[in-house]
Amino acid sequence: MNFDVEYYRRDFPALQRTLYGRPLTYFDNTATSQTPKCVVDAIESAYYNSKANVHRGVHTMSQEMTALQEAARERVRGFINAESTEEIIFTRGTTEGINLVAACMGDSFKDGDEVIISVMEHHSNIVPWQLLQRRKDIKLRVIPMDECGVLNMDAYRGLFNEHTAMVSVTHVSNVLGTVNPVKEIVAEAHRHGVPVLIDGAQAISHRKVDVRDIDCDFYAFSAHKMYGPTGVGVLYGRKSWLEKMPPYQGGGEMIAHVSFDHTTYADLPFKFEAGTPDFVCIAAMHKAIDYMESIGIKRIEEHEQELLKYATERMAAEFPQIRIYGNAPVKDAIISFMLGDAHPYDVGLLLDKQGIAVRTGHHCAQPLLESLGLEGVARASFALYNTREEVDRFIAALHRIEPMLL
Ligand code: PLP
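In this convention, every chain numbers its residues from 1, walking through the sequence in written order. This being a predicted model, a pLDDT of at least 70 is required before a residue's local features are given, and a value of 80 or more before pairs of side-chain atoms are given or counted; all residues contribute to the totals for chains, interfaces and linings. Derived side-chain values reflect all non-hydrogen atoms in the structure, with water molecules and hydrogen atoms excluded from consideration.

**Section: the environment of His257**
Where helices and strands are cited, they refer to DSSP runs of H or I of at least four residues and of E of at least two residues respectively, numbered from the N terminus. Looking at where His257 falls in the secondary structure, it is placed in strand S11 (residues 255–258). Separated by 58 residues in sequence, His257 and Met315 place their C-alpha atoms 61 Å apart. Residue contacts are defined here by distance: any two heavy atoms, one from each residue, within 4.5 Å place the two residues in contact. If we skip the residues at most four places from it in the chain, His257 touches His262, Thr263 and Thr264.

Put into structure tokens, the structure is as follows:
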């Protein structure tokens with residue numbers, strides 16, 4: 001495959017830096033990806049030239065900034081193939097998107113209703129439902145998985161009953177890398193008339209996401225994990241649900257008319273966008289999508305899959321003591337591992353001293369880690385700019401630290 005990774009690396013100034021005199025190897029892409037210069041340039045340009053509040057002014061700068069924000073909304077719509085920009089809500093990120101759905105869909109839940117999640121959810125797809133439990137007597141039902149990290153679909157089908165009100169599952173596990181069969185999950189839920197939220201935080205930068213093909217009712221993701229800026233994200237919502245849901249927060253721009261007695265709400269999507277949005281970073285997210293699509297999501301996926309295969313094979317062949325968690329047949333480029341019984345923090349700290357950034361800990365998925373009998377793991381995850389040479393450096397570093405730890 002002709003994928004000129006060295007050419008793309010030049011777009012990311014952070015990758016030029018060194019750590020402890022060694023070149024940086026950034027393998028913490030699941031937590032956040034690095035940002036290409038075009039995205040930072042868009043932020044700078046907006047701050048220097050057109051920073052004016054959106055949807056609020058007749059003056060030229062406000063009109064320009066509004067046009068940039070709304071162009072970004074149209075860009076996101078096309079990127080995920082939503083039917084209409086009314087279905088694209090700008091949020092602070094995946095977490096806020098899921099909280100919005102839990103709070104607003106949850107408004108219509110009855111005591112005794114049930115929400116199906118999976119054992120591999122990030123805390124941001126567990127805790128919002130638990131917060132809802134303060135208002136409603138709802139139950140969480142959990143889809144189990146097998147030892148490879150694949151969801152048990154028979155068990156999933158068995159969880160439905162007349163109380164099931166919602167299904168909320170991750171597209172890709174941030175620990176195991178498992179790519180869940182979201183189309184099948186949605187189809188089953190819809191057979192029962194149950195809406196589905198997909199947590200797309202880990203899928204959006206690694207594979208093509210088409211919300212109409214998946215047929216989900218909600219899809220949430222964050223810009224900072226897709227080469228974009230921090231602080232913004234997107235919640236896709238099917239129009240028919242968004243119309244029925246009450247607003248999430250109250251404030252400016254989400255209203256049609258306010259009096260002291262009564263308020264009517266703005267049309268979609270603004271009903272869900274109270275207050276001044278992060279319009280500068282929304283405009284910059286547009287550039288991040290342009291950037292990914294100029295390379296090609298499919299090509300990015302293929303490149304990352306090659307790195308995943310290469311790194312997994314070398315780790316398995318050269319380190320009998322390494323255990324890799326997550327061996328699903330369809331898996332994104334995430335490798336969570338234990339080096340013997342070495343504490344993952346020690347692994348992470350020693351790798352850092354060699355210029356290699358991996359994540360360690362529970363990865364905001366404590367129930368999953370507990371189900372594996374673990375408190376934490378080390379995790380290496382790849383993005384479009386990572387190389388085979390970096391994997392070689394990582395393997396060499398593991399060889400160096402192994403005798404220190406075991
Ligand atoms: N869901 C998954 C699967 C994640 O991996 C993450 C972040 O790592 C989130 C949700 C939360 O994303 P954010 O912190 O950007 O809201």
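**A word on the sheet that holds strand S14 (residues 334–339)**
Sheet strands pair by backbone hydrogen bonding; their relative direction is either parallel or antiparallel. Strand order in the open sheet made by the 4 strands is S13-S14-S17-S16, with antiparallel pairing throughout. In this open sheet, the two strands that pair with only one neighbour each are strand S13 (322–325) and strand S16 (359–361). Each strand axis lies, on average, 30 degrees off the axis of its neighbour in the sheet, ignoring direction. At least two bridges found by DSSP between two strands are what make those strands a pair. Bridge count for S13 against S14 is 4 bridges, and the pairing is antiparallel. Bridging from a neighbouring strand, Ile322 pairs with Leu339 of S14. Contacting S14, S16 and strand S17 (377–381), helix H12 (residues 344–352) crosses the sheet at an angle of about 160 degrees to S16. Fitted lines through C-alpha atoms serve as axes, helices being fitted only where they are in contact, and the angles separating the N-to-C directions of these axes extend from 0 to 180 degrees. Packing of helix H14 (residues 388–405) onto the sheet brings it into contact with S13, S14 and S17, and relative to S14 it is tilted by some 20 degrees.

**Concerning the pairing of strand S8 (residues 196–199)**
Here S8 shows no split at all, with Val196 and Ile198 on one side and Leu197 and Asp199 on the other all buried. Here strand S7 (residues 164–170) runs beside S8; their pairing, made up of 4 bridges, is parallel. Within S8, the position partnered with Thr170 by the bridge is Asp199. Relative to strand S9 (residues 218–222), S8 runs parallel, the two sharing 3 bridges. Bridge assignment links Leu197 to a residue of S9, and that residue is Phe218. Whether a residue is buried, partly exposed or exposed follows from its accessible area with a 1.4 Å probe, protein chains only, as a fraction of its type maximum: under 20%, in between, or over 50%, in that order.

**Section: unusual backbone geometry**
Cis geometry marks the peptide bond from Leu268 to Pro269; its omega dihedral reads 0 degrees. Relative to the helices and strands, Pro269 is located in the loop between strand S12 (263–265) and helix H10 (279–295). Its identity is not glycine, yet Asp215 carries a phi of approximately 70 degrees, on the positive side. Positive phi outside glycine occurs at Tyr227, with the angle close to 70 degrees.

**Looking at the environment of Asn152**
The residue Asn152 is located in the loop between strand S6 (139–143) and helix H6 (153–158) in this model. Sequence separation between Asn152 and Ile116 is 36 residues; the distance between their C-alpha atoms is 13 Å. Discounting chain neighbours no more than four positions away, the residues touching Asn152 are Ile143, Pro144 and Met145. Residues adjacent in sequence count toward polar contacts only when both atoms are side-chain atoms; beyond that, a polar contact is any pair of N or O atoms within 3.5 Å, and within protein one must be able to donate a hydrogen and the other to accept it. At a separation of 3.0 Å, a polar atom in the side chain of Asn152 contacts the main-chain amide nitrogen of Asp154.

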